Structure formats: C-alpha cells, structure tokens
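Working through the structure, step by step
Residue-level listing of the chains:
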Amino acid sequence: MIRITKNWSTLLKNEFEKPYFKQLQAFLEDEYANFDIYPEMNNIFNALNTVKYEDVKVVIIGQDPYHEPNQAHGLAFSVQDGITVPPSLVNIYKEIESDLGIKCHTETGNLLRWAKQGVLLLNTSLTVRRAQANSHRGKGWETFTNEVIKLLSQREDPMVFILWGSNAQSFAPQIAKQHLVLKAPHPSPLSSYRGFFGCKHFSKTNDFLANHNKTPIDWQ
C-alpha cells in the first residue's frame, strides 16, 4: 500500500510486522477510501524516501501534515510548488535570514532542496484528514516515528536534531549524547515570539556540521 525505499524498509522491516502497524495500515486503507487524506498515499514516506539513513545530517520534527488541498507532500513544514507559504514556514525563513544574514527564496515553500542535502523533515504523524488537524493522532504513527528517531539516535555518526515545540521535544530523552539537540518554541505565529526568533538554530547546525567535517546546509 505504501511505497518506501529499500534503504529504510530493511531497517524498519520488523516494525512493519508489528500488530500496531498492521492496525495502522488497516485504518489508513479505510481513511483513504472514504475521506480526503493528505498527503497522497505514495508521498506518505517522502521524507524517508528522499534521505537515506546513512545520509541524514539534520532531523527536523514536525507535528502532522498540512491539512488543506495540495499542500502536504510528505516533508514536514514543506508545501508543494505554487502553494502559498504557510505562516510557520514564513517565520522559519525570517529566522534563517536573521541568523545567517541571507535572503531566502520565499517565493516557494517546497523544502525538497533541504531534504536533498540530508535534512530529514519528519512529521510525528505522517497522515491527516482534510481540514482536521491531528485527526490521525494516536493511531500508531507516533510509535513508528519513535522507532525512526531511535534508529537515528543509535548511529554513531553525529547529526543534529532540531526540536521545535513540546511535541517534538518529547523525543529528546532518547537521543544519544553524540548528537546535537537544539530546542526552541514552535515557529507558529502563536509561539514564535517566545524564543523561536533568535534561537539561531541554523547557524548552530552548520557550525556543528562543519566541526564534524560535514558540508553545512545551504538553507537559502
């Protein structure tokens, strides 16, 4: 039902056989058959399909996909080309410009260019019903996402985990000490002025990568 690359499917093979995931799969089959669900089914694992396990340099954890038509395409905080940039991403761009002193390509909200550099844009829940935020919360995705984070944390090769908001920060306790964990309030307009602006996560990420002989991310 769901397309995923061999790189990740091998790592997650046992997870797909567990009862919770089989229940999740049955739930999704019913949801896609009867409701408008985002993203499209073949884009559910877009984040994993774009970045191989061994190529992940940065992990940014979102909550769930955008829930209006033509927005979500399987990458957290990202929207498809031609779609108005959502408020949270507008604030992310503002922080990048302030932090790094660069001008972002704000005409698009498609973050595929980040993913192709090794940024895993992973939502906690990978699907959502149209116009109903958090509608697939508690259906099993959180268990799956937790396993992905656990697998990444077990990697000895250091990476950066960017955790914005309490939902993402709940994963922090299981992240091993060789990795850099950056925490801040969510970039939503409701919380961005509580410490997201000025967090300098993008320069801190690139400094960490450079110090570990990795190519920094071009956030522009």
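This text gives an overview of the structure that appears in the document. Please read all numbers here as calculations on a predicted model, not as lab measurements.

Attention now moves to the packing of aromatic side chains. According to the stated counting rule, one finds 17 aromatic pairs in the structure shown. Judged by centre distance (6.3 Å) and plane angle (80°), the ring pair of F21 and W141 falls under edge-to-face. With a gap of 120 residues between them, F21 in helix α3 (residues 19–34) and W141 in helix α7 (residues 141–153) connect regions that are remote in the sequence. For the residue pair F21 and W141, the accessibility class agrees, reading buried in each case. Members of the aromatic cluster, joined through ring pairs, are F77, W114, W164, Y193, F196, F197, F202 and W219. Of note, R129 hangs over the ring of F35, and the distance from its end group to the ring centre comes to 3.6 Å.

Relative orientation of the contacting elements helix α5 (residues 87–100) and helix α9 (residues 201–211) amounts to 60°, with a least axis distance of 8 Å. Put simply, α5 runs oblique to α9. Contacts between α5 and α9 involve I92, E95, I96, D99 and L100 on the former and, on the latter, H201, F202 and S203. Here the contact of α5 with α9 is composed, by residue class, of four nonpolar, two polar and two charged.

Let us now look at the pattern of salt bridges. According to the stated counting rule, one finds eight salt bridges in the structure shown. E31 serves as the salt-bridge partner of R129, at 2.7 Å between the closest nitrogen and oxygen. Residue R129 is located in strand β4 (residues 128–129), and its partner E31 is located in helix α3; the two are separated by 98 residues in the primary sequence. The exposure classification of R129 matches that of E31, with both residues buried.

What follows deals with unusual backbone geometry. Excluding glycine, residues mostly have negative phi values, and the peptide bonds linking residues are mostly trans. Of the consecutive residues Y38 and P39, the connecting peptide bond is found in the cis state with omega at -5°. Relative to the helices and strands, P39 resides in the loop between β1 (37–38) and α4 (46–50). Although it is not a glycine, F77 sits at a positive phi angle of roughly 70°. Here F77 shows up in the loop between β2 (58–62) and α5.

Once that is clear, we can look at empty space enclosed by the protein. Under the counting rule described, the total for this entry stands at one cavity of 30 Å³ or more. If you add up the space inside the largest cavity, you get close to 60 Å³. Lining the largest cavity, in full, are P39, I44, A47, P65, A72, G74, L75, A76, L121, L122, N123 and L126. Counting residues per element, the lining of the largest cavity draws most heavily on strand β3 (residues 119–123), which supplies three residues.

What follows covers the nonpolar core. Residues F45, I60, W114, F144 and L152 are the most contacted members of the largest nonpolar core, which totals 66 residues. By residue number, the principal contributor to this core is α7, which donates six residues. Discounting residues that sit within four places of it in the chain, L152 has contacts with W8, Y53, V56, V59, L120, M159, F161 and H179.

Analysis parameters
Residues numbered from 1 in each chain as written. Predicted model: local features only at pLDDT ≥ 70, side-chain atom pairs only at ≥ 80, totals over all residues. Heavy atoms only, no water. Phe/Tyr/Trp six-rings, centres within 6.5 Å; stacked < 30°, edge-to-face > 60°. Helix = DSSP H or I, 4+ residues; strand = E, 2+ residues; numbered from the N terminus. Buried < 20%, exposed > 50% of the residue type's maximum accessible area, 1.4 Å probe, protein only. Lys NZ or Arg CZ within 6 Å of the ring centre and 35° of its normal. Axes fitted to C-alpha atoms, helices over the stretch in contact; angles between N-to-C directions. Parallel < 35°, antiparallel > 145°, perpendicular 65-115°, else oblique. Contact = heavy atoms within 4.5 Å. Nonpolar A, V, L, I, M, F, W, Y, C, P; charged D, E, K, R; others polar. Salt bridge = Lys/Arg side-chain N within 4 Å of Asp/Glu carboxyl O. 1 Å grid on protein atoms, 1.4 Å probe; cavity = no way out; pocket = protein on both sides within 12 Å on 5 of 7 lines; lining within 4 Å. Points joined across faces, edges and corners; volume = space filled by probe spheres on them. Core = buried A, V, L, I, M, F, W, Y, C linked by side-chain atoms within 4.5 Å.

Any functional reading would require information that these geometric values do not contain.
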